[in-house]
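Okay, here's what each chain looks like letter by letter:
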Amino acid sequence: MVQKKINLKNYFLKYFPLILLFFSVLNEFDFDVANIGLLSFNLPFIIIFYWSLKDPDQIGNGLIFFAGILNDVTLGYPIGISSFIYLTIIGFAAYLRNITLRPNIYKDSLVFLISILFANSINSLILSYIFSIEVNFFEIIVNI
């Protein structure tokens, strides 16, 4: 009985990032500070970048692509936009993982900020110019 509980605990901890990713994508789970209207962050981007950088086998690219499809359905965007953005973030993380000899929190956070800036810029350009969807650029800048 004790071994079964340990295995269940390990199983839950192994798939916790994937569960958290799908939960945040399906609920559009953004943290906003109520008192400061300009402070927010996008939890799926953080999850995808961190686990793609530190342990790429934890969450597969196919599951992240599927999470992007679910995000598009949730937000009402054209299918595939969020998947493309998520795969772009994976590309930045893979590049950083391949060129890094020693992990450094400053380099990791700088590349993360650059990848978020690039991903949100590409997302807004695709939505506004290709699909003619009205985009609130102020909200995008705040989210970046």
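A quick note: this is a predicted structure, and the numbers were derived from the prediction, not measured.

**A look at the side chain of D108**
- Within the element layout of this structure, D108 appears in helix α5 (residues 105-130).
- Excluding residues within four positions of it along the chain, D108 makes contact with F49, L53, K54 and L96.

**Let's talk about the confidence of the model for the protein chain**
- Of all residues in the protein chain, 83% have pLDDT values of 70 or greater, and the mean over the chain is 82.
- The least confident element of the protein chain, judged by mean pLDDT, is strand β1 (residues 30-32) at 50; the most confident is helix α4 (residues 81-99) at 93.

**Considering the side chain of S115**
- Tracing the sequence through the fold places S115 in helix α5.
- Here S115 falls in the buried class, since its relative accessible area comes to 0%.
- Excluding residues that lie within four positions of it along the chain, S115 makes contacts with F49 and F92.

**Here's the deal with α5**
- Look at α5: 36 Å from first C-alpha to last across 26 residues, which is about the 38 Å you get at 1.5 Å a residue.
- Regarding α5, the residues found buried are D108, V111, F112, S115, I116, A119, N120, N123, S124, I126, L127 and S128.
- Within two residues after α5, S132 carries a phi angle of roughly 55°, on the positive side.

**Structural notes on the pattern of salt bridges**
- Per the counting criterion, the structure on display carries one salt bridge.
- Note that K54 is salt-bridged to D108, the shortest N-O span being 3.2 Å. You can see K54 sitting in helix α2 (residues 43-54) and its partner D108 sitting in helix α5, a full 54 residues away along the chain.
- The exposure class of K54 is partly exposed, given its relative accessible area of 39%.
- Given the relative accessible area of 10%, D108 is considered buried.

**Some thoughts on the environment of Y15**
- In this fold, Y15 is placed in helix α1 (residues 2-27).
- When the C-alpha atoms of Y15 and Q58 are compared, they prove to be 7.6 Å apart, with 43 residues separating the residues in sequence.

**Quick look at helix α3 (residues 61-75)**
- With 15 residues, α3 should reach 21 Å at 1.5 Å per residue; the first-to-last C-alpha distance of 21 Å fits that figure.
- Buried within α3 are the following residues: I64, A67, G68, I69, L70, N71 and D72.
- Just downstream of α3 lies G76, where phi reads positive at about 85°.

**Concerning the nonpolar core**
- One finds L21, I48, F49, I64 and I89 to be the most contacted residues of the largest nonpolar core, which totals 24 residues.
- Elements with a minimum of two residues in this core: α1, α2, α3, α4 and α5.
- L21 has contacts with P44, I47, I48, I59, I64 and A67, leaving out every residue within four places of it along the chain.

Rules used throughout
- Residues numbered from 1 in each chain as written.
- Predicted model: local features only at pLDDT ≥ 70, side-chain atom pairs only at ≥ 80, totals over all residues.
- Heavy atoms only, no water.
- Helix = DSSP H or I, 4+ residues; strand = E, 2+ residues; numbered from the N terminus.
- Contact = heavy atoms within 4.5 Å.
- pLDDT = per-residue confidence, 0-100.
- Buried < 20%, exposed > 50% of the residue type's maximum accessible area, 1.4 Å probe, protein only.
- Expected span 1.5 Å × (residues − 1).
- Salt bridge = Lys/Arg side-chain N within 4 Å of Asp/Glu carboxyl O.
- Core = buried A, V, L, I, M, F, W, Y, C linked by side-chain atoms within 4.5 Å.

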